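Coordinates in review
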Amino acid sequence: MRRGYLYAKAKELGCNKIALGHHFDDVIETILMGMLYSGKVETMMPKLHSQNFEGMELIRPLYLVKEEAIKSWRDYNGLHFIQCACRFTENCVSCGGGRGSKRDEMKELIAQFRKTSSVIETNIFNSVTNINLRTVIGYHKDDMAYHFLDDYDSR
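Just so it is clear, the model here is predicted, and its values are computed rather than measured. Here the residue numbers are simple positions, counted from 1 along each chain's written sequence. Local features in a predicted model are, by the rule used here, given only for residues with pLDDT of at least 70; side-chain atom pairs are given and counted only at 80 or more, and totals for whole chains, interfaces and linings are based on all residues. Side-chain figures throughout are based on the complete set of non-hydrogen atoms in the structure, without hydrogens or water.

1. Some thoughts on a nonpolar patch on the surface
A cluster of nonpolar side chains, contributed by Met35, Leu36, Tyr37, Val41, Ile131, Leu133, Tyr139, Met144 and Tyr146, occupies part of the molecular surface with about 860 Å² of accessible area. Only DSSP runs of H or I with at least four residues qualify as helices, and only runs of E with at least two residues qualify as strands; both kinds are numbered from the N terminus onward. Among the secondary structure elements, those contributing two or more residues to the nonpolar patch are helix 2 (24–38) and strand 5 (144–147). By residue number, the principal contributor to the nonpolar patch is helix 2, which donates three residues. Between buried and exposed lies partly exposed: a residue is buried under 20% and exposed over 50% of the maximum accessible area for its type, with that area taken using a 1.4 Å probe on protein chains only. The class of Val41 is exposed, set by a relative accessible area of 56%. Patch membership requires over 30% relative accessible area and the absence of a salt bridge. Like charges are linked within 9 Å, and nonpolar side chains (Val, Leu, Ile, Met, Phe, Trp, Tyr) within 5 Å. For every accessible area listed, the method is Shrake-Rupley and the probe measures 1.4 Å; residues are considered covered only by the protein chains on display. Salt-bridge detection follows one rule: a side-chain nitrogen of Lys or Arg within 4 Å of a carboxyl oxygen of Asp or Glu.

2. Some thoughts on the pairing of strand 4 (residues 138–141)
Successive side chains on a regular strand alternate, one facing one side of the sheet and the next facing the other. Two strands pair when backbone bridges link them, and strand 4 and strand 5 are joined in this way by four bridges, in the antiparallel orientation. Its bridge partner being in strand 5, Tyr139 is matched across the sheet by Tyr146. Hairpin connection from strand 4 to strand 5: two residues lie between these consecutive antiparallel strands, with Asp142 at a positive phi of about 55°. Pairing between two strands requires that DSSP report at least two bridges joining them.

3. As for the packing of aromatic side chains
We call Phe, Tyr and Trp rings a pair once their centres come within 6.5 Å, taking the six-membered ring for Trp, and we label the pair stacked below 30 degrees between planes, edge-to-face above 60, and tilted otherwise. With the rule as written, the count across this model stands at five aromatic pairs. When the centroid spacing of 5.3 Å and the interplanar angle of 35° are considered together, the rings of Phe24 and Phe125 count as tilted. Here Phe24 is found in helix 2, whereas its partner Phe125 is found in helix 5 (residues 120–127), with 101 residues between them in sequence. Arranged with centres 6.0 Å apart and planes meeting at 70°, the rings of Tyr63 and Phe125 form a pair that is edge-to-face. With a gap of 62 residues between them, Tyr63 in the loop between strand 3 (57–59) and helix 3 (67–76) and Phe125 in helix 5 connect regions that are remote in the sequence. Judged on exposure class, the residue Tyr63 and its partner Phe125 are both buried. The criterion is that NZ of a Lys, or CZ of an Arg, lies within 6 Å of the ring centre and within 35 degrees of the ring normal, and then a charge sits over that ring. Taking the ring centre of Phe81 as reference, the NZ or CZ of Arg74 above it sits at 5.7 Å.

4. Some points on the sheet that holds strand 3
Two pairing modes exist for strands in a sheet, parallel and antiparallel, and in both the strands are linked by backbone hydrogen bonds. Within the open sheet, the three strands sit side by side as 1-3-2. Their pairing is mixed. In this open sheet, the two strands that pair with only one neighbour each are strand 1 (17–19) and strand 2 (47–49). Taking each pair of neighbouring strands and ignoring which way they run, the sheet shows an average axis angle of 15°. To get an axis, a line is fitted to the C-alpha atoms, and for a helix only the part in contact is used. The angle between two axes follows their N-to-C directions and goes from 0 to 180 degrees.

Remember that the coordinates give geometry; whether it matters functionally is a separate question.
In structure tokens:
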């Protein structure tokens, strides 16, 4: 509902793009949430065409910027950000809420990983850019599903 209103208002104003504030940490948290809670390997895309609003595109210009850099910039400039409205952050501490959201859980998990590896965030991000389709059991693209046995005997 919220996203639809945003698209409709942008269209009414003659805009063809909507910029959202998702950042690098949001991307890797989303990857982990998908894997751990939805059983999917997927991520939010840096830009995509709207399915419901012809000619409208969604962009995420902060896609590769780490959350800590954004917070440092905010603090340096004495700014205050409004609480995000993502459905995963109703209780998000970094967004001004309490504790207990799935996104908070992912932040804590990543912090634990970071204690043993300084490249963990980059590796999580790269995991969705370096997919070898010959080494996954199955995948789907649009309405087509593929399984590794589909062409197993033709190799």
